[in-house]
Amino acid sequence: MRKSLTRYLIRRGLESIVLVWLSTVIAFSVYQLAPGGPLQFLDNNPKRTAADFTRLTAFYGLNRPVLVQFLAWLTGDDWFSILPGGQAWQSGQCATSPDRCGHGVLRLDFGRSFYFQGVPVTTVIAQRIPATALLGLSSLLLSVLAGVPSGVFAALKRGRWPDHFVRVSSVLVNTVPEWWIGLLLLIILGGYLGLVPLGGMQKIGGGGVLDLLHHLALPAVVSAIGGWIGISRIIRFEMLDVLNQDYVRTARAKGLAEQTVIVRHVLRNALMPFVTGLSGIFLLFLSGSILFELVFSWPGMGRLAVEAINARDYPVMMGLFVISSFLGIVGVLMVDILYSIVDPRVKYEL
Amino acid sequence: MTEASISTVRPTVKPAGRAKERTYWGAVVAKLARDKIAVAAICGLVFMISITLAAPWLTHNVLGFDPESTDLRHRNAPPTWAATAWPLFQQFSTTCQAGQGGCRWSLWGTILSDAATGVGQCFSAGLGNCHWMGTDDAGRDVFSRGLYGGRISLRIGAYVAGLTMTVGVLMGLISGYYAATIIDDLVNAIIQTLGSIPLLFLLITLSRIFQPGPEGLSFLIGIFGWMGVSRLIRGQIFSIREREYIIASRALGASTWRIMTRHMLPNVASIVIVIGVFNVAGAIIAEASLSYLGVGIGPPLASWGNMMQGSLGNFTDAPWLVLAPGLFIFATTLCIYLIGDGLRDALDPWVR
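Chemist: Is there a simple way to think about the overall build of chain A in this case?
Modeler: A tally of helices and strands in chain A yields 13 helices and zero strands. The order of α-helices and β-strands along chain A, N terminus first, is α-α-α-α-α-α-α-α-α-α-α-α-α. Summarising its shape, the C-alpha atoms of chain A cover approximately 85 × 60 × 35 Å along the three principal directions. Residues counted as buried form 35% of the 350 residues belonging to chain A.

Chemist: Would you mind going over helix α9 (residues 199–210) of chain B with me for this structure?
Modeler: Given 3.6 residues to a turn, an α-helix orients residues that are three or four positions apart in the same direction. Under the 1.5 Å per step criterion, the end-to-end length of α9(B) is 16 Å for twelve residues, consistent within 8% with the ideal 16 Å. A positive backbone phi angle near 40 degrees is found at B:Gln211, which sits one or two residues after α9(B).

Chemist: How should unusual backbone geometry be read in this particular structure?
Modeler: Leaving glycine aside, a negative phi is the common case for residues, and trans is the common case for peptide bonds. For A:Arg312, which is not glycine, the phi torsion reads 55 degrees and is therefore positive. Residue placement: A:Arg312 occurs in the loop between α12 (301–310) and α13 (314–342). With a phi angle near 60 degrees, B:Ala180 is a residue other than glycine that sits in the positive phi range. Summarising the element assignment, B:Ala180 is placed in the loop between α7 (142–177) and α8 (182–196).

Chemist: Is there a simple way to think about the interface of chain B and chain A in this case?
Modeler: Put simply, an interface is often sized by how much accessible area is lost when its parts join up. Contact with chain B, which involves 31 residues of that partner, is made by 35 residues of chain A. Among the elements of the structure, α5 (85–96), α8, α9, α13 (256–292) and α15 (320–346) of chain B are those that each provide at least two residues to the side of chain B that touches chain A. Looking at side-chain class alone, the side of chain B that touches chain A contains 20 nonpolar, ten polar and one charged residues.

Chemist: Got a minute to help me understand the nonpolar core in this structure?
Modeler: Among soluble globular proteins, nonpolar side chains are generally buried collectively. Ranked by internal contacts, the top residues of the largest apolar core, which has 141 residues, are A:Leu320, B:Leu321 and B:Ile339. If we ignore the near neighbours within four places in the chain, the residues touching B:Ile339 are B:Ala38, B:Ala41, B:Ile42, B:Leu45 and B:Val277. B:Trp81, B:Ala82, B:Ala85 and B:Trp86 belong to the second largest nonpolar core, which has five residues in total.

Chemist: Teacher, can you tell me more about the packing of α7(B) against helix α11 (residues 227–240) of chain B here?
Modeler: When two helices pack together, their arrangement is given by the angle between their axes and by how far apart the axes lie. All names here are of chain B. Viewed as axis vectors pointing N to C, α7 and α11 meet at an angle of 35 degrees, and their least axial separation amounts to 7 Å. The handedness of the crossing between α7 and α11 is right-handed. Judged by residue contacts, Thr-164, Met-165, Gly-168, Val-169, Met-171, Gly-172, Leu-173, Ser-175, Gly-176 and Tyr-177 of α7 engage Val-229, Ser-230, Leu-232, Ile-233, Arg-234, Ile-237 and Phe-238 from α11. Residues of the contact of α7 with α11, tallied by class, amount to ten nonpolar, six polar and one charged.

Chemist: For this particular structure, what's the right way to read the packing of α8(B) against α11(B)?
Modeler: Residue and element names in this part refer to chain B. Remark: α8 packs on α11, axes separated minimally by 10 Å, with the N-to-C direction vectors making an angle of 140 degrees. Overall, the two elements α8 and α11 adopt an arrangement that is oblique. Crossing of α8 over α11 shows left-handed handedness. Seen from α8, the contacting residues are Ile-191, Leu-194 and Gly-195; seen from α11, they are Met-227, Ser-230 and Arg-231. Partitioned by chemical class, the residues of the contact of α8 with α11 number three nonpolar, two polar and one charged.

Reading the values: the criteria
- Residues numbered from 1 in each chain as written.
- Chains lettered and ligands numbered in written order.
- Predicted model: local features only at pLDDT ≥ 70, side-chain atom pairs only at ≥ 80, totals over all residues.
- Helix = DSSP H or I, 4+ residues; strand = E, 2+ residues; numbered from the N terminus.
- Buried ≥ 20, exposed ≤ 12 C-beta atoms within 10 Å, placed from the backbone.
- Expected span 1.5 Å × (residues − 1).
- Contact = placed C-beta atoms within 7 Å.
- Nonpolar A, V, L, I, M, F, W, Y, C, P; charged D, E, K, R; others polar.
- Core = buried A, V, L, I, M, F, W, Y, C linked by C-beta atoms within 7 Å.
- Axes fitted to C-alpha atoms, helices over the stretch in contact; angles between N-to-C directions.
- Left-handed = near helix turned anticlockwise from the far one by under 90°.
- Parallel < 35°, antiparallel > 145°, perpendicular 65-115°, else oblique.

Rendered as structure tokens:
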């Protein structure tokens, strides 16, 4: 491996670590800044008393200095006891129930949910991951399956109807909210024609694989629309770029069949950067779409985010925020690394 | 040489036809005026803006409804012109459900004729007797709320575009001018940080926590939306910063500020205008999405997004709650988008 590449990879890795740390800082400070403080969720409970506030403040250690709270959230406060006088900095729950003493975000402990009655945040989030992953993966698959051929077609038939189709649909995607298209399709296909269910992931009581696919079809198609249009535009651009290259002219000049030129010389070179990037895009899809999950009542992480935000469930919100930024940052890092390994022309300087 | 020969006025050559002087902006306007789609889009946008500006007058004198007065006896009522056609349509749609033995297409004759007579009656119904787009879940007139909602949505669009363009252009200018210095690195770091966190999530959280009004919401949307603009401007500035005229003016002792504003900014003006126009459309959609999630503009104020929020539970029974605000959004953003498209072509007037 070339020296500059190694240096680039190390630099990007360090940058990503800093970015993840920054996202934890942002997550923590946003919820600290919130008027009313983290215990505001108590306002929803009519039976609360002033004593509850003092008890919970001590229990969660909210009376400690902000920096100590941040450190405790990030690294856990169970190890504070080894410091001289560190026990004073631990939250109340460490003294009363040592098993609930925090392990910190670094050890994948985001604390316990306020709203879901003390269930660990990681459990709450983990329950939602399969649904989000299923929807994200299938819409990614659909958008690639539809986007690549339509992009190739648009480039090959430049200025004719496939090209116009891609252009007009990209106007459409830019001028209406995509979730609105989903809502309309849901009304027509689900409400009036009864072809698809009106929401959710399964029949009540659960169904088989077919039932799951039945529920998945419309959400996956609708959330694939944006990706489909985006991918076909990228592919069209890459194709047109490659079609103008000298080696394509050479291939044609030496008398290769047009099909061979397109498949062997153009497609291979046009698709390579795209395929490389796909692995990272996949991670981006994992953090889920808040809007689509809300429209289709899909029980994933995006919907959990809305529920948590509405209930002011700060531990869950912070956990989701950190996890989805982490997925995004790692995704971008993977794209960058794979690009630089696959394409020797990429420069490592900014 | 005599005095006369000096004072003799040389016969002026009359120009064959005076060449029309064309400035850059003149050419842009001329090209835009020839673009039929762009002209239609401009007319459409002017129309949307004027009906929303005239909303208080229109709702009071033409429609006869107050957008905030509720009428609990007419909740989720269909458009008045479809009062008889709507139950027929519902009947039709139940026959279309799977396992009902196929659609009864014969109903459509009655549906259409009923709707047509309904529209006729609606025109002559007089003030306050016709809900053109039905009523919402509190019995408020959807059309007048749509007009009022447009005031908020368009205002937010303009504010956000203004903010993103100001911050984005400023950051882009600075980081492009000071490229590869610590200032550039700092701006890039901010952009990279903002680009790697889930912004929609952050936006929802912040607007849920602070519950801002239209101005606050535009500030939130704008402050997280300038990164793309900044990147683009930086690239442009970077490519012109070593041009001869920049070096020349620096050699003449022009200040940094002067070089930036007089020599660099005009060179990126066309790009700034085009992205600014597209940003308005993007901001309108962003506001609609946030308000739809219930964290943007809150009731009793109407916005195109929060009008749809009321439809969450009953969208199949009252599809006009989804359709009407969506069409308002679509009409506006389509016009804006097409204007942006036309401008993009027109601002490169020498390319034909």
